[in-house]
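Residue-level structural notes
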Amino acid sequence: MLKAEIALSDLAHTPTSCPDAAIVFGASRIEPYRHALLETLLVVTDGQWFVVVRERLKQKSAPRGSGSQRVDFHRFAELHRECLMWPLDYVMIEVAQAGCRLKLRAGALGCAPVYCRTTSDRLSVSWDFADFLARPLMPDLELAARYLGLGSTYSAQHLCTGITVLTERATLYVEPGQARYQYPNPAESRLVSPGGASGTLEEFEEILCRTIDARPLSGDMIAIELSGGLDSATVAAAATQLYGPVASKGILVDGDQRQAQRDRRDKIGRLLELEDETVDIDAYPPSLDLRSRARAEYPNAELYLEAFDFLWSRAHAQGRKTLFTGVGGDELYPRYRDEGGGARSPSSLVANARHRAEAILTPPALEAARTVRGMDAPTSPVPVSALVASLCQAPHLLRHGLWPVNPLSHPRLVEFCHGLPPDKRHGREMSRQYLHGRLGGEVFRKDYIKETFAGVLPRLISQQHQSLVAQLSECALADLGLVDRRAALALLDEVATTRADAPAAPLIAFLWLERFVRQLS
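So, here's what we can say about the structure. (Residues numbered from 1 in each chain as written. Predicted model: local features only at pLDDT ≥ 70, side-chain atom pairs only at ≥ 80, totals over all residues. Heavy atoms only, no water.)

Of the regular secondary structure elements, the protein chain holds 17 helices and 19 strands. For 521 residues, the compact-globule estimate of 2.2 N^0.38 gives 24 Å, and the C-alpha radius of gyration of the protein chain, at 24 Å, lies within 12% of that figure. Its C-alpha atoms put the protein chain at 65 × 55 × 45 Å along the principal axes. For the protein chain, the residues scored as buried account for 54% of the 521 residues in total. Sequence separation of at least 24 residues holds for 74% of the intrachain contacts in the protein chain that already meet a minimum separation of 6. Carbon and sulfur atoms provide 51% of the accessible area of the protein chain, an area that totals close to 22400 Å². With 59 positive and 63 negative side-chain charges, the protein chain shows a spacing of 1 Å between the two charge centroids. (Helix = DSSP H or I, 4+ residues; strand = E, 2+ residues; numbered from the N terminus. Rg over C-alpha atoms; globule rule 2.2 N^0.38 Å. Buried < 20%, exposed > 50% of the residue type's maximum accessible area, 1.4 Å probe, protein only. Contact = heavy atoms within 4.5 Å. Areas by Shrake-Rupley, 256 points an atom, 1.4 Å probe, with all protein chains shown as cover. Lys, Arg positive; Asp, Glu negative; His and termini not counted. Charge placed at Lys NZ, Arg CZ, Asp CG, Glu CD.)

Let's shift gears to the sheet that holds strand β17 (residues 275-280). Ordered in space as β17-β16-β15-β18-β19, the five strands form an open sheet in which the pairing is parallel. Each of the sheet's edge strands pairs with one partner strand only, and the pair in question is β17 and β19 (403-405). Neighbour-to-neighbour, the strand axes of the sheet open up by a mean angle of 25°, direction not taken into account. Looking at chain direction, strand β16 (residues 247-252) and β17 are connected through six bridges and run parallel. Looking at β17, one finds that A247 is bridged to E275. (Pairing = 2+ DSSP bridges. Axes fitted to C-alpha atoms, helices over the stretch in contact; angles between N-to-C directions.)

Look at any regular strand and the pattern is simple: side chains alternate between the two faces of the sheet. Residues S28, I30 and P32 line the buried face of strand β4 (residues 28-32), whereas the alternating positions R29 and E31 sit on a face that is not buried. Sheet analysis places strand β1 (residues 2-7) next to β4, joined by four bridges and oriented antiparallel. Bridging across to β4, L2 finds its partner in P32. Sheet topology places strand β3 (residues 23-25) next to β4; three bridges connect them, and they run antiparallel. For F25, the partnering residue across the bridge sits in β4 and is S28. In textbook terms, the turn of a hairpin is the stretch between consecutive antiparallel strands, and for β3 and β4 this stretch comprises two residues, one of which, G26, has a positive phi near 60°.

Attention now moves to the packing of helix α7 (residues 347-359) against helix α17 (residues 501-518). Here α7 crosses α17 at 50°, and the two axes come no closer than 8 Å. For the element pair α7 / α17, the angle class is oblique. In this structure, the crossing between α7 and α17 has a hand that is right-handed. Across the interface between the two elements, L349, N352, A353, R356 and A357 from α7 touch D501, A502, P503, A505 and P506 from α17. Its residues assigned to classes, the contact of α7 with α17 comprises seven nonpolar, one polar and two charged. (Parallel < 35°, antiparallel > 145°, perpendicular 65-115°, else oblique. Left-handed = near helix turned anticlockwise from the far one by under 90°. Nonpolar A, V, L, I, M, F, W, Y, C, P; charged D, E, K, R; others polar.)

Orientation of helix α16 (residues 485-498) relative to α17, taken along the N-to-C sense of each, is 130°, at an axis distance of 9 Å. By the angle class used here, α16 and α17 are oblique. In this structure, the crossing between α16 and α17 has a hand that is left-handed. For the pair α16 and α17, contact is made by A488, L491, L492, E494, V495 and T498 and by P503, A504, P506, L507 and F510, respectively. Here the residues of the contact of α16 with α17 are counted per class, giving nine nonpolar, one polar and one charged.

With that settled, the discussion passes to the side chain of R459. Its location among the elements puts R459 in helix α13 (residues 456-463). The contact partners of R459, leaving out residues within four places of it in the chain, are D254, D282 and R499.

This part is about the sheet that holds strand β12 (residues 163-165). The pairing of strands in a sheet happens through backbone hydrogen bonds and is either parallel or antiparallel. Pairing is antiparallel across the open sheet formed by seven strands, whose spatial order is β2-β3-β4-β1-β11-β10-β12. The sheet is open, and its two borders are formed by β2 (16-17) and β12, each paired with just one other strand.

Further remarks concern the environment of M1. Note on placement: M1 falls in the segment before β1. With relative accessibility at 2%, the residue M1 sits in the buried group. Measuring from C-alpha to C-alpha, the distance between M1 and I224 comes to 21 Å, with 223 residues separating the pair along the chain. Contact partners of M1, with chain neighbours within four places excluded, come to P32, Y33, L38, V53, R54, E55, D89, Y90, V91, A112, W127 and W403.

Let us look at the pattern of salt bridges. For the coordinates displayed, the defined rule picks out 35 salt bridges. The shortest N-O distance in the salt bridge between R459 and D254 comes to 2.2 Å. Of this pair, R459 sits in helix α13 while D254 sits in the loop between β16 and α5 (258-272), and the two are 205 residues apart along the sequence. Since its relative accessible area comes to 18%, R459 is described here as buried. (Salt bridge = Lys/Arg side-chain N within 4 Å of Asp/Glu carboxyl O.)

Glancing now at the pairing of strand β6 (residues 48-55). Counting buried positions over the eight residues of β6 gives seven, a clear majority of the element. In this structure, β6 lies alongside strand β8 (residues 90-96), joined through seven bridges in antiparallel fashion. Bridging from a neighbouring strand, V53 pairs with V91 of β8.

Next up, the structure:
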C-alpha cells in the first residue's frame, strides 16, 4: 500500500503532505499507492504523528485522496483507535519524534505485501520486492533449503537476508540502532464446535455480499478472475447480484478439461451477463528460461504470470480498478478429522513430492530443511494460502493499477463456513446451493469436471528438456551448497520423461528458485 525511504533522524521533523500525495519530512519520503479504492490520512499532534494508507470503506471514507489533520491529543487518540479498528486492510506508520522512534503496522487482510529493510539509521519499505534488487542481497540458505524441501511457510523471514515481511497484524518497531519484529497473537476462533451453527443459505449470501460491497465500487470498476470453477463463479455471481454486468477474465487450460471448462464458462458468462475475455495458456506459456532477464524475478512466484499479465493489462486498458478472485475457496469448507465420507487425502502425493525434493538437497541443506524453527507466522483469521497468494500476485496487479480483492478469504465468511454442519460443508455444498439459485442446477453438478493447470509445466519441461539441461551446466543453487546438481538433472530427466505430478512439484520449486538467485549474483 505504500513505499517509503526514511532516514531515522528525519523522524524528528514534522511531516507535510505534497500535491502528489507523498508525505515528506526532512529528506525522507512516504509514497502511498494511489488508487481509487485507497485513501491516505496523515494526523499530527504535539510530538507524534501517524500516516495510514487504507482501503476505502463504502459508508465512512472521506473523499478520494490524501487528508492531513493537525489535532489535539484527544482527537489524535480517537483517530488512532479508529485506524486500528478499521474493518478493511491498511498499513500504518506511527512516529514518536522524541528519540526518532517508529512503528510500522499491517492490517489483518494481507491484501498487498509489506517488505522492509532496516539498517542502524534507515528504513526502506515497499509493496514491490523489485525495489530492493538494486542493492546487494544474499539468499538465506536455511530458508532456501526449506523452500526447496517444499516446507516453505508464511513468515516474517524472507528468502533474502536483511529483508523482513510484515505479516498480517504484525508490527515492526524501529529506532536508531535497533529494530524489533512482533508477530500478533494467534487468531482465536469464536466457533464452539464444527457444525454448531445452523448456517442458512440466506446467511451465507448476506455475508458474502456484505463482504464484497464493503468498498465503494461500481460495475465498471470490476474485473473478475474467472477460471470456470465453483469458487470464482461464486464471486462472480455475488458481484453481478450487487453491481450488474462486470468484466471477467480467464485462462483456458489444455487437455481433457478444456472443452468442459469452455462450456461452463460460456454458461456462466451468459447467465450472469459477464463481459468475458479469455486467453489460451498455449498463447502465453510460462517461461522456463533461467537466464538473467530485464524482468525482476520474485521469490514468491506466480507460476502463470505471462498469461495473467496479458489479462491484467487488458483489464487496466478497459478502465477496471479492481480484480476479484476466488482465492481462499479451497480452505472455506474443511473436512474435520472425525468426519468420514471418503475424504480425498493428498498426503501420499505430498509425501512423495517431498521425498523427491529432499533427494536433490546436499546433506547440510537437507538437515536445514528438516530443522523446525519458530519462524512461522501464527494462526491468521485469513487462510494462509490466500496470504501467500497475495504475496505472489499483488505486486503484479498493483503494477497494472488493479487492487486485489479476495472475498472468499474474508475472516467473517471463513468463520461462518467453518462452523457449518457437514452436509452444508462437504463438497462446498453451501456455495453450490448459492450457485444453483443464481445459475440453475446444471452448471455445477457434484460430478463436474474441474479445470486444472497441473499438466502445463511438466509438458513445457518435457518440450524444453535439452535447453534446460544446457542452462544448468552452471547451477547457482549448487554453487551455494544447497543442491546436488546431478540429482537435480536426474529429477529433470524424470519429469521430462514421465510428466508426473510428484517429481514435477520439487523440480518447479528448484527451477524458480534457481532463476531467482541468479539475479542476485
